[in-house]
Amino acid sequence: MRLFAAVLPPDEALAELERAVDQLTGSGDSEGLRWTGRPGWHFTLAFYGEVPDETVPELSRRLERAAARTAPFPLALRGGGHFGNRALWVGADGDVAAMRRLAERAGAAARKAGLDTEEHRHYRPHLTLARGSGTVRLTPYAAALDTFAGEQWTVGELALVRSRLPTSGVRGERPRYEKVGGWPLSATG
């Protein structure tokens, strides 16, 4: 299974974001952008790639421990940015340090479960809104998101999500995501 650990924003936060994105997609030439759409909106904490079925129970146990060591924390969708002309994203505000710690713990859970993980790099919380081919300038879209500020909510769960990639050659098909596990953030203090 192709898996990753994530924070899944609540429906209310996604509805706020959807209204902002609807304004973006109707405001100009977004030809050349593949918008992720609401079903694909999440904060990836750690990407695991293809995980053997027999490893999933151990990974799940370790993620449960990571969640138990993390206290619930406040978060909001806020602002925007882009990675070159390849990805447009909305950022996070609130206890971003707690989110980074949760991302580190999700990565450590994979290593302890015996998975090879990506090279460790500084975690930057972002939720991908659109992907580009590199020819569409994303700066105006990111600038339009500068003033976006969603309502704060409390992150209370670490999720394990399965990603099913689109069938090659099917125009407009997007990855599908399925939550396969979730553990409450339960540390105190």
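Everything below is about the structure shown above.
Rules and cut-offs
- Residues numbered from 1 in each chain as written.
- Predicted model: local features only at pLDDT ≥ 70, side-chain atom pairs only at ≥ 80, totals over all residues.
- Heavy atoms only, no water.
- Helix = DSSP H or I, 4+ residues; strand = E, 2+ residues; numbered from the N terminus.
- Rg over C-alpha atoms; globule rule 2.2 N^0.38 Å.
- Buried < 20%, exposed > 50% of the residue type's maximum accessible area, 1.4 Å probe, protein only.
- Contact = heavy atoms within 4.5 Å.
- Areas by Shrake-Rupley, 256 points an atom, 1.4 Å probe, with all protein chains shown as cover.
- Pairing = 2+ DSSP bridges.
- Axes fitted to C-alpha atoms, helices over the stretch in contact; angles between N-to-C directions.

### Remarks on the overall build of the protein chain
Moving on, step 1. Scanning the protein chain from terminus to terminus reveals 4 helices and 9 strands.
Moving on, step 2. Moving toward the C terminus, one meets the helices and strands of the protein chain in the order β-α-β-β-α-β-β-α-β-α-β-β-β.
Moving on, step 3. A compact globule built from 189 residues would reach a C-alpha radius of gyration of about 16 Å, and the protein chain, at 17 Å, matches this within 12%.
Moving on, step 4. When its C-alpha atoms are laid out on the principal axes, the protein chain stretches across 45 × 40 × 30 Å.
Moving on, step 5. Considering the protein chain as a whole, with its 189 residues, one finds that 44% of them fall into the buried category.
Moving on, step 6. If you take every contact in the protein chain between residues at least 6 apart in sequence, the share linking residues at least 24 apart comes to 80%.
Moving on, step 7. Carbon and sulfur atoms make up 46% of the accessible area of the protein chain, which totals about 10,100 Å².

### Points about the sheet that holds strand β1 (residues 2-7)
Moving on, step 1. An order of β3-β1-β8-β9 is seen for the 4 strands of this open sheet, with the pairing classed as antiparallel. One side of each edge strand has no neighbouring strand; the edge strands of this open sheet are β3 (43-50) and β9 (176-184). Within this sheet the neighbouring strands show an average axis-to-axis angle of 25°, counted without direction.
Moving on, step 2. When strand β8 (residues 157-164) meets β9, the two strands line up antiparallel, connected through 8 bridges. Paired with Leu 160 across the bridge in β9 is Gly 181.
Moving on, step 3. Sitting on the sheet, helix α3 (residues 96-112) is in contact with β1, β3 and β8, with an inclination near 15° to β3.

### Topic: the side chain of Ser 60
Moving on, step 1. Examined against the element boundaries, Ser 60 turns out to sit in helix α2 (residues 56-68).
Moving on, step 2. Setting aside chain neighbours within four positions, we find Ser 60 in contact with Leu 160 and Trp 183.

### Describing the pairing of strand β5 (residues 87-94)
Moving on, step 1. Note: strand β4 (residues 73-83) against β5, 8 bridges, orientation antiparallel. The partner of Arg 78 across the bridge, within β5, is Gly 91.
Moving on, step 2. Where β4 folds back on β5, the antiparallel hairpin that results is connected by 3 residues, among which Gly 84 adopts a positive phi of roughly 55°.
Moving on, step 3. Taken together, the 5 bridges between β5 and strand β6 (residues 126-132) define a ladder with antiparallel strand orientation. Across the sheet, residue Leu 88 finds its bridge partner in β6, namely Ala 130.

Any functional reading would require information beyond the geometric quantities listed.
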